[in-house]
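What follows is each chain in one-letter form.
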Amino acid sequence: MSILDQIVADKRQEVALKKALIPVSQLEQSVLFERNTISLSKRLKNSHSGIIAEHKRRSPSKSVINNSLSVQAVAKGYENAGVCGISVLTDGRYFGGSLDDLILARANCNLPLLRKEFIIDAYQILEAKAYGADAILLIAAILTRDEIKQFSKLSKQLNLDVLLEVHNEEELNKSIMPSLDMLGVNNRNLKTFEVNLETSKNLSAQIPNDFVKVSESGISSIKAIQTLKSYDFKGFLIGENFMKTDNPGNSAAQFIKQLEQ
Ligand SMILES: O=C(O)c1ccccc1NCC(=O)[C@H](O)[C@H](O)COP(=O)(O)O
C-alpha cells in the first residue's frame, strides 16, 4: 500500500469517528460559519508575488521540519511579510497539524486561509468553513470526478474557493469543471515523494486559462518562481523552504523583497 493510500484509509476512519462525535448541526452553529470569506484566487490574480505560505510542522517525506514555533507567530509573520494567503495543514497523524491550527491562524491574521487536508467527505468541507477557512484543497489522485463535482459545488455554496490539485495529465483531464477556482500542479509525486518542477511546466499549457494556475511543492528559489511565472503560474505554494527556518515570516519577507526587485 502506498503512503497516500494509507493516509486516505486512516482519514476515512478519522472522519467516521468525527461525524459520530460532532454532528453537522454543531459545525453549522460555529460563529465562523456565517463569516464573509476572502477569495484566495482573486488575491492571486492581482498579486505580484503570488506566494501561498504554508504552516507545516512535519511531513511523510521529511519527518520533522519545525516543531518549535506557534502557529500564531507563523501566521502573523507570514501576514507581515505580505504573502497572498496561508495554507494550514490540518492532518494530525502525518503532518502534526490540527483544526485548532486553522482556528488559531484565523484569529491571528486577515489573510485567505487554505485548509490543506486530504478531503474525502463533504463533512470536512463543512468543518473547514466552521474553523475559519476561505479555501479548500481537493486532490484529484484520491477522488472520482463525481466526488470532485459534488465537493466543489458544496464549497461554492459555502463561498469557499477550491484549489484542485493534479500531478499528471490523466488527473487533469478527469477534473476540469467550472466549479473549480484554482488548478494546482503538485511537483511532488505523492506516491514516491519525488519532486520535479518540470511537472508544472509540462502541464501548464493544458490547463485552461479560466483557472488560476498554482505550482505546489519543492519551490525554494526566486529563479524557480520567475521561471514558473513565464509558464503562466500565478500562485506558488511554499512550505518547507520557509518552515525549516527559525523565522518563516522573515524568510517569506526576504523572498518577496527579492521578487519585487
Ligand atoms: O510534503 C509531503 O511530504 C507530502 C507527502 C504526502 C502527501 C502530501 C505531502 N505534502 C503536502 C503538500 O502538498 C506540501 O506540503 C505543499 O505543497 C508544500 O510543499 P513544500 O514546499 O515542498 O513543503
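Above this text is the structure in question.
Residues numbered from 1 in each chain as written. Predicted model: local features only at pLDDT ≥ 70, side-chain atom pairs only at ≥ 80, totals over all residues.

Despite not being glycine, N159 shows a phi value in the positive range, around 60°. Position of N159 relative to the elements: it lies in the loop between α7 (145-157) and β7 (161-166). Exposure remark for N159: the 13 C-beta atoms within 10 Å place this residue in the partly exposed category. If you check the backbone angles, S217 has positive phi at about 80° while not being a glycine. As for its placement among the helices and strands, S217 is situated in the loop between β9 (212-216) and α10 (222-230). (Helix = DSSP H or I, 4+ residues; strand = E, 2+ residues; numbered from the N terminus. Buried ≥ 20, exposed ≤ 12 C-beta atoms within 10 Å, placed from the backbone.)

So, on to the site of the ligand. The environment of the ligand is made up of 18 residues, and the closest members are S59, S61, S217, G239 and E240. For the shell around the ligand, the secondary structure elements donating two or more residues are β10 (235-238) and α11 (240-243). Of the residues belonging to the shell around the ligand, the class tally is 6 nonpolar, 7 polar and 5 charged. (Near = placed C-beta within 6 Å. Nonpolar A, V, L, I, M, F, W, Y, C, P; charged D, E, K, R; others polar.)

Formed by 70 residues in total, the largest nonpolar core has its most connected members in I51, V83, I86, I136 and L138. Apart from the residues lying within four places of it in its own chain, the contact partners of I86 are A53, H55, A75, Y78, A105, C109, L111 and L113. (Core = buried A, V, L, I, M, F, W, Y, C linked by C-beta atoms within 7 Å. Contact = placed C-beta atoms within 7 Å.)

Moving on to the sheet that holds β7. Reading around the barrel, the 8 strands line up as β1-β4-β5-β6-β7-β8-β9-β10 and close back on themselves, with parallel pairing between neighbours. Strand-to-strand twist of the sheet, defined as the mean angle between neighbouring strand axes without regard to direction, takes the value 25°. In the packing of α7 onto the sheet, the strands contacted are β6 (135-139) and β7, and the crossing angle to β6 comes to about 175°. (Pairing = 2+ DSSP bridges. Axes fitted to C-alpha atoms, helices over the stretch in contact; angles between N-to-C directions.)

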